[in-house]
Amino acid sequence: MTFHFRGARILEWRRVQADAARVAFVRATESAREAAARVADADAQCHRAAQNLRAAMASPTDVGTIVGYRNWIGKQQEHAAACRQQHDQQCALADQAAGVLHVATRNVKVMERLRERAWRRHLNAERLRDIKELDQLATLQYARRKAEEGADREY
């Protein structure tokens, strides 16, 4: 008798879901890493802009140059803040994708455990059926021998 797991289609569907969740998690994690790199780059640009302002202030400069540097630093800081906000959003998406992946893998494991239990029940039923068949065969052989012994005694 062949083994057939009734939930095989559901198990396969759950595996497909888990694979899709894994891909989404990897993409979200990679996006979060890229956003972190953009934040680091924006922070470095802000730091360089501040250094350039300090260098410009060390030598005699006019007020317009200093105001220009301050405006430039302000824009760099706004860009860095936008990058941080985007990074936070990407991290939240990555966390959400991690939760979805966790649920999907848990669902796959549940179905795999159910399949394993069904497989063990199937093996146990086959073993019991084999034992029953051997028992019936032994009973028939015993009855045949007893019948032959009884036939030999009558003569």
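Higher on the page you've got the structure.
Sequence order as written defines residue numbering, which begins from 1 separately in each chain. Reporting of local features is limited, given that this is a predicted model, to residues whose pLDDT is at least 70; pairs of side-chain atoms are given and counted only at 80 or more, and all residues count toward the totals for whole chains, interfaces and linings. Side-chain metrics in this entry use all non-hydrogen atoms of the structure; hydrogen atoms and water are not considered.

Visitor: What is the right way to look at the overall build of the chain in this model?
Guide: Per the secondary structure count, the chain includes two helices and zero strands. Its C-alpha atoms give the chain a radius of gyration of 38 Å, more than 25% over the compact-globule value 15 Å for 155 residues. In this description, contact between two residues means that some pair of their heavy atoms is separated by no more than 4.5 Å. Looking at the chain alone, contacts between residues at least 24 apart form 84% of all its contacts between residues at least 6 apart. Note that accessible areas follow from Shrake-Rupley with a 1.4 Å probe, and for residues the cover is restricted to the protein chains shown. About 11800 Å² of surface is accessible on the chain, with carbon and sulfur atoms providing 55% of the total. Secondary structure is summarised from DSSP: a helix means a run of H or I of at least four residues, a strand means a run of E of at least two, and numbering begins at the N terminus for each. Atoms counted for the radius of gyration: C-alpha only. Globule rule: 2.2 Å times residue count to the power 0.38.

Visitor: For this particular structure, what's the right way to read the pattern of salt bridges?
Guide: Between side chains of opposite charge, a pair can form when the charged atoms approach closely. For this analysis, a salt bridge means a side-chain nitrogen from Lys or Arg found within 4 Å of a carboxyl oxygen belonging to Asp or Glu. All chains considered together, the criterion is met by nine salt bridges. Linking D43 and R84 is a salt bridge whose minimum nitrogen-to-oxygen distance equals 2.4 Å. Taken as a pair, D43 in helix 1 (residues 8-58) and R84 in helix 2 (residues 63-154) lie far apart in primary sequence, 41 residues in all. Among the salt bridges present, the one from R129 reaches E133, with a minimum N-O distance of 3.7 Å. Of the two residues, R129 and E133 are both situated in helix 2; the distance of four residues between them amounts to about one turn of the helix. Only protein chains enter the calculation, and the probe is 1.4 Å; a residue is then buried if its accessible area is under 20% of its type maximum, exposed if over 50%, and partly exposed in between. The partly exposed category is assigned to E133, whose relative accessible area is 44%.

Visitor: Got a minute to help me understand the packing of aromatic side chains in this structure?
Guide: The relation between two aromatic rings is expressed through the spacing of the ring centres and the mutual angle of the planes. Two rings from Phe, Tyr or Trp (for Trp, the six-membered ring) form a pair when their centres sit within 6.5 Å of each other. Planes less than 30 degrees apart are called stacked, planes more than 60 degrees apart edge-to-face, and all others tilted. Inspection of the entire model under this criterion finds two aromatic pairs. For the ring pair F3 and W119, a centre distance of 5.0 Å and an interplane angle of 80° mean the geometry is edge-to-face. Residue F3 is found in the segment before helix 1, and its partner W119 is found in helix 2; the two are separated by 116 residues along the sequence. Judged by its relative accessible area of 33%, W119 falls in the partly exposed class.

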